[in-house]
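Single-letter residue listing:
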Amino acid sequence: MAGIVQRQKTWYACFRVGGKLKVRTTGIKVCPSVPPGKSKNAVMRESELQARIIAEELEKEAKGATLNVEVIVSLAGNNAKSVLRNKRYMPSVKEHLNKWLSERPSLRSSNRYAKAVRNFLDFLGTDQDMPLDAVTEAHARKFMEQQLELLHSGTVGLYMQGLSTAFQQAVNNRLFPYNPFKGVKPSKIDRSDTMERRAFTMEEVKRLTEILPGEWPDMIRVCLYTGGQRLGDIATLKWEQINLEGGLISMTTQKTKRRMNKPVIAPLKEVLEKRLACRMSDYVFPVAAMRHAQANNTSSKLSIEFNILLKKFGFIETEKNVLPGMRRQLSTLSFHSLRATAVTALRLAGVPADLCRVIVGHGSEIIERIYFRPDDEVIAEAMEKLTLA
């Protein structure tokens, strides 16, 4: 419990934090000027009470609670500045979020977080200038519901994740004890707008390698022959990662940072030897690597280019349905579908689930099951075995 002592005609707060004695000015004079109609003793008792209230606030702040600036200012008046010197002010929502955003590295995720911050501040309107700790879980949920009416649930999920990170920083800095965005995210029902992408059939993959221009056919082959690795990992593959004599490719996935050694099987070796014969840079696919770098080290440009080619050659149709708000209709096929192709081909060939998971690089059996997507014809053939003799 904080106490007060007199020093130089001023009340000072005394309390212990971690066993150490702390002494801080309260800004309250022991014997302030006596207004008309009041006795000196009454004024001194009142100033002592004010000093004790401020002392308790300073002790709470020193132990990690939020300092109530309004109480300090109302009691200490002109001396509040000396009391609040080096103390943490509660920033406004706008101030904290913009400061947090300015500290983010210039990655693709930062652009998403910038949109999340902008949308949340627009949602708050004039309330964006309220103290940060005034934001509640109700604000978070109402914001999420509003965004779900306008945007795809996956996008909203990213927004909520970004805002949760921003508010968690304030919690970690002990500005306040509770993160209003923690655990607030789209539910399974909310995610019903998500379209499940199907896997390419092996016939479709073969056709792609025959008709697509540039580096794409070999990128597809390398993707498939390494177990369906992601577009960014294929685009940034370097020759230094490849040991053709030893028959291994060393890979660290950009998404999960998982380290893997991929065996160089015969068809993969054939592709790599052809590319090595006309090597132009440190990258196996120099054009793809350049486009990846131009997109802030993301595969966004490459994904868009691949999607355009799929439409051009009739693998997917141009979106006709207009979704509400600003939602994008996802294509049923993408480069990432090759990952599902690899899983499906391996499983249908009788490769055990655990081994399949290691080959592809999935972190759990649940994820591996999601990527197992046999087409209708294969399912029908399998179900024929259910017929009673």
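Note that the coordinates shown come from a computational prediction; the quantities given were computed from them, not determined experimentally.

In this section: the overall build of the chain. Counting secondary structure elements, the chain contains 17 helices and six strands. Split into buried and exposed, the 389 residues of the chain put 39% on the buried side. Taking contacts inside the chain between residues at least 6 apart in sequence as the whole, the part at least 24 apart equals 59%.

Our next topic: the packing of helix H9 (residues 216-225) against helix H14 (residues 337-348). Packing of H9 against H14 leaves a shortest axis separation of 9 Å and a crossing angle of 40°. As the angle between them shows, H9 and H14 are arranged oblique. Regarding H9 and H14, the two cross each other, and that crossing is right-handed. On the side of H9, the interface is formed by Ile-220, Cys-223 and Leu-224, while H14 contributes Leu-338, Thr-341 and Ala-342. Class assignment for the residues of the contact of H9 with H14 results in five nonpolar, one polar and no charged.

On to helix H13 (residues 300-312). For H13, built from 13 residues, the straight-helix expectation of 18 Å at 1.5 Å per residue is met to within 8% by its first-to-last C-alpha distance of 18 Å. Those residues of H13 that sit buried are Ser-300, Leu-302, Phe-306, Asn-307, Leu-309 and Leu-310. Gly-314 sits one or two positions beyond H13 and adopts a positive phi of about 80°.

Pairing in this open sheet of three strands is antiparallel, and the strands run E4-E5-E6 from one edge to the other. Either end of the sheet is taken by a strand with one partner, and the two such strands are strand E4 (242-243) and strand E6 (259-263).

What follows is about the side chain of His-292. Note on placement: His-292 falls in helix H12 (residues 286-294). Classification of His-292 by relative accessible area gives buried; the value is 2%. In this structure, His-292 is in contact with Gly-232, Thr-236, Gln-254, Asn-297, Thr-298, Ser-299 and Leu-302, ignoring residues within four places of it in sequence.

We now examine unusual backbone geometry. Although it is not a glycine, Lys-9 adopts a positive phi angle of roughly 65°. Within the fold, Lys-9 resides in the loop between strand E1 (3-7) and strand E2 (10-17). Its identity is not glycine, yet Asn-297 carries a phi of approximately 60°, on the positive side. Note that Asn-297 resides in the loop between H12 and H13.

Let's shift gears to the side chain of Asp-233. Considering the arrangement of structural elements, one finds Asp-233 in helix H10 (residues 231-235). Among buried charged residues, Asp-233 stands out as having no salt bridge; its nearest opposite-charge side chain is Arg-230, 4.6 Å away. A distance of 3.0 Å separates the side chain of Asp-233 from the backbone nitrogen of Gln-254, its partner in a polar contact.

Now for the nonpolar core. Within the largest apolar cluster, 36 residues are counted, with the highest numbers of intra-cluster contacts made by Phe-200, Trp-216, Leu-272 and Phe-306. Elements represented by at least two residues in this core include exactly helix H8 (202-211), H9, H10, strand E5 (248-252), helix H11 (266-277), H13 and H14. Of all the elements, H9 adds the most residues to this core, at six residues. The contacts of Phe-200, once residues within four sequence positions are left out, are Val-205, Leu-208, Phe-306, Leu-310, Phe-315, Leu-333, Ser-334, Ser-337, Leu-338 and Thr-341. Ala-116, Phe-123, Leu-124 and Val-156 belong to the second-largest nonpolar core, a separate cluster that totals 31 residues.

Pairing is antiparallel across the open sheet formed by three strands, whose spatial order is E1-E2-E3. Since the sheet does not close on itself, it has two edges, and those belong to E1 and strand E3 (20-29), each with one partner. Across this sheet, the average inter-strand angle for adjacent strands is 35°, counted without regard to direction. As paired strands, E2 and E3 are joined by seven bridges and run antiparallel to one another. Note that in E3 the partner of Arg-16 across the bridge is Leu-21.

So, about the environment of Cys-356. If you trace the backbone, Cys-356 turns up in helix H15 (residues 353-360). Using a relative accessible area of 0% as the deciding quantity, one classes Cys-356 as buried. Spatially, the C-alpha atom of Cys-356 lies 6.7 Å from that of Val-343, the residues being 13 residues apart in sequence.

Turning our attention to the environment of Tyr-225. Structurally, the position occupied by Tyr-225 is in helix H9. Given a relative accessible area of 28%, Tyr-225 falls into the partly exposed group. Not counting residues within four places of it along the chain, the set of residues in contact with Tyr-225 comprises Ile-265, Pro-267, Leu-268 and Val-271.

Rules behind the numbers
Residues numbered from 1 in each chain as written. Predicted model: local features only at pLDDT ≥ 70, side-chain atom pairs only at ≥ 80, totals over all residues. Heavy atoms only, no water. Helix = DSSP H or I, 4+ residues; strand = E, 2+ residues; numbered from the N terminus. Buried < 20%, exposed > 50% of the residue type's maximum accessible area, 1.4 Å probe, protein only. Contact = heavy atoms within 4.5 Å. Axes fitted to C-alpha atoms, helices over the stretch in contact; angles between N-to-C directions. Parallel < 35°, antiparallel > 145°, perpendicular 65-115°, else oblique. Left-handed = near helix turned anticlockwise from the far one by under 90°. Nonpolar A, V, L, I, M, F, W, Y, C, P; charged D, E, K, R; others polar. Expected span 1.5 Å × (residues − 1). Pairing = 2+ DSSP bridges. Lys, Arg positive; Asp, Glu negative; His and termini not counted. Salt bridge = Lys/Arg side-chain N within 4 Å of Asp/Glu carboxyl O. Polar contact = N/O pair within 3.5 Å; in protein donor to acceptor, adjacent residues only side chain to side chain. Core = buried A, V, L, I, M, F, W, Y, C linked by side-chain atoms within 4.5 Å.

No statement about biological role is implied by the geometric values presented.
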